[in-house]
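Examining the three-dimensional arrangement
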Amino acid sequence: MRILITLVAVSLLNTAVAQLPPLGSSPTSESAQRERTSASDIQAENCRVKFINHVQIPAAAEGKLVELGIEEGQSVEKDAVLGIIDDTAAKLALERIKAEELEAELNATNEVNLKDAVNSEELARAEAEAYKELRKQGATPYWEMEKKRLEAERAKLRIDLAEMQMKIEKAKYIAKRNERQMAEHEIERRRITAPFAGYIENRIAQPGEWVQPGSPLAMLVKLDKLRVEGDIHALRYSGRVVAGTPVQIVVYNQADRGQAITIDGRLGFVSSEVDLNDRYRVWVEIDNPRNGNTWMIKPGMEAEITIKAGN
């Protein structure tokens, strides 16, 4: 019996020794696991398709919404006029300011007073010189000569006054020009335009409503370009995930995961912030293919971002 027990112990010892690593080697560590992982593809987690631009178009002025020529599902171009808030008062104010601007421009360019002051100064200076000669000859009293000299000095000051008045009128003209630009801006504020080319996802307001600045009128989304966002383990793949890295994106149809769209792209963004799960956010910008009038990729679809080994 003792011999049998001894044989079993020796057999177990030999098995344990055979499972030990060779001399000079160390047990498998987390760093070794990372090295093996780094040689394989990197798969991002929690990947979803998201909008790049997704905004509520607001009213910029107060008034009655007299026009809103858009419908849900409609595609619009950048700067297209989507609606108009009543601008009657703004247009009347603009016409008044234009008239005032014209008056200010005419005053600013009017040189009649300046020319008259120059001519008067030349005449007064000539008279002063003539009285100076008469005084030398004793033909006129001293105070008459002094009076003409002071009149010539006053005429010179009138030139300075006319030049100053022209500068004032030019400043008034600039102010009126700015008022006219502000009045034009008030009209533009009442024109609701698309900030980018996109798709009307939702029409919130209706023609005839009274709107306030900031009131949402419609939801505009950009569908020709989208983003696929996901999370990458920050420590496991350190140094391999940088902006510009080639990737493969697979977008799944939520109704039928067997129908997938595969797109090649490059990482457009790698976050510098690591979350509580030691992951950071990455995204890839993709072009959205169309099938007729239908966009094939919709925000919210599940997706994959894969960085192939060797990249």
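The model shown is predicted, which means the values in this text are computed figures rather than measured ones.

Each value, and the rule that gives it
Residues numbered from 1 in each chain as written. Predicted model: local features only at pLDDT ≥ 70, side-chain atom pairs only at ≥ 80, totals over all residues. Heavy atoms only, no water. Helix = DSSP H or I, 4+ residues; strand = E, 2+ residues; numbered from the N terminus. Buried < 20%, exposed > 50% of the residue type's maximum accessible area, 1.4 Å probe, protein only. Contact = heavy atoms within 4.5 Å. Areas by Shrake-Rupley, 256 points an atom, 1.4 Å probe, with all protein chains shown as cover. Pairing = 2+ DSSP bridges. Core = buried A, V, L, I, M, F, W, Y, C linked by side-chain atoms within 4.5 Å. pLDDT = per-residue confidence, 0-100. Axes fitted to C-alpha atoms, helices over the stretch in contact; angles between N-to-C directions. Parallel < 35°, antiparallel > 145°, perpendicular 65-115°, else oblique. Left-handed = near helix turned anticlockwise from the far one by under 90°. Nonpolar A, V, L, I, M, F, W, Y, C, P; charged D, E, K, R; others polar.

1. A word on the overall build of the protein chain
Counting its regular elements, the protein chain contains five helices and 17 strands. Taking all 311 residues of the protein chain together, the buried fraction comes to 30%. Across the protein chain, contacts joining residues at least 24 apart in sequence account for 76% of those joining residues at least 6 apart. Surface accessibility of the protein chain: about 20100 Å² in total, with carbon and sulfur atoms responsible for 52%.

2. Looking at the pairing of strand β4 (residues 63-68)
Relative to strand β9 (residues 210-211), β4 is paired through two bridges, and the arrangement is antiparallel. In the sheet register, K64 faces β9, and the bridge partner there is W210. Alignment of β4 against strand β6 (residues 81-85), held across three bridges, turns out to be antiparallel. Looking at the pairing, L65 lines up with I85 of β6.

3. Some thoughts on the nonpolar core
With 29 residues, the main nonpolar core has V49, V228, I232, V241, I286, I297 and I305 as its most contacted residues. Taken together, the elements giving at least two residues each to this core come down to β2 (45-51), β10 (216-221), β11 (225-233), β12 (246-252), β13 (260-270), β14 (279-287) and β17 (303-307). Among the elements that take part in this core, β14 stands out by supplying four residues, more than any other. Dropping the residues within four chain positions of it, I232 is found in contact with I42, Q43, A44, Y237, V241, D278, R279, Y280 and V282.

4. Regarding unusual backbone geometry
Here the phi dihedral of N46 falls at roughly 55°; this positive angle occurs in a residue that is not glycine. Topologically, N46 is positioned in strand β2. The class of N46 is exposed, set by a relative accessible area of 59%. Although it is not a glycine, D278 adopts a positive phi angle of roughly 60°. With respect to the helices, strands and loops of the structure, D278 is situated in the loop between β13 and β14. On the accessibility criterion, D278 (35% relative accessible area) is partly exposed.

5. So, the confidence of the model for the protein chain
The predicted model of the protein chain has a mean per-residue pLDDT of 83, with 85% of residues at 70 or higher. pLDDT under 50 marks residues 1-10. Its contacts with residues more than four places away, or in other chains, come to zero contacts. Predicted confidence for residues 16-38 stays below pLDDT 50, and this span has eight contacts to residues more than four positions away or in other chains.

6. Here's the deal with the packing of helix α3 (residues 88-108) against helix α5 (residues 142-189)
Axis separation between α3 and α5 bottoms out at 8 Å; the angle between their running directions is 160°. The orientation of α3 with respect to α5, classified from their angle, is roughly antiparallel. Where α3 crosses over α5, the two elements pack in a sense that is left-handed. When its residues are assigned to classes, the contact of α3 with α5 shows nine nonpolar, one polar and 14 charged.

7. Some words on the pairing of strand β8 (residues 198-203)
Relative to β8, strand β5 (residues 75-76) runs antiparallel, the two sharing two bridges. Paired with V76 across the bridge in β8 is G198. Sheet topology places β8 next to β10; four bridges connect them, and they run antiparallel. Bridge pairing in β10 links I200 to L220.

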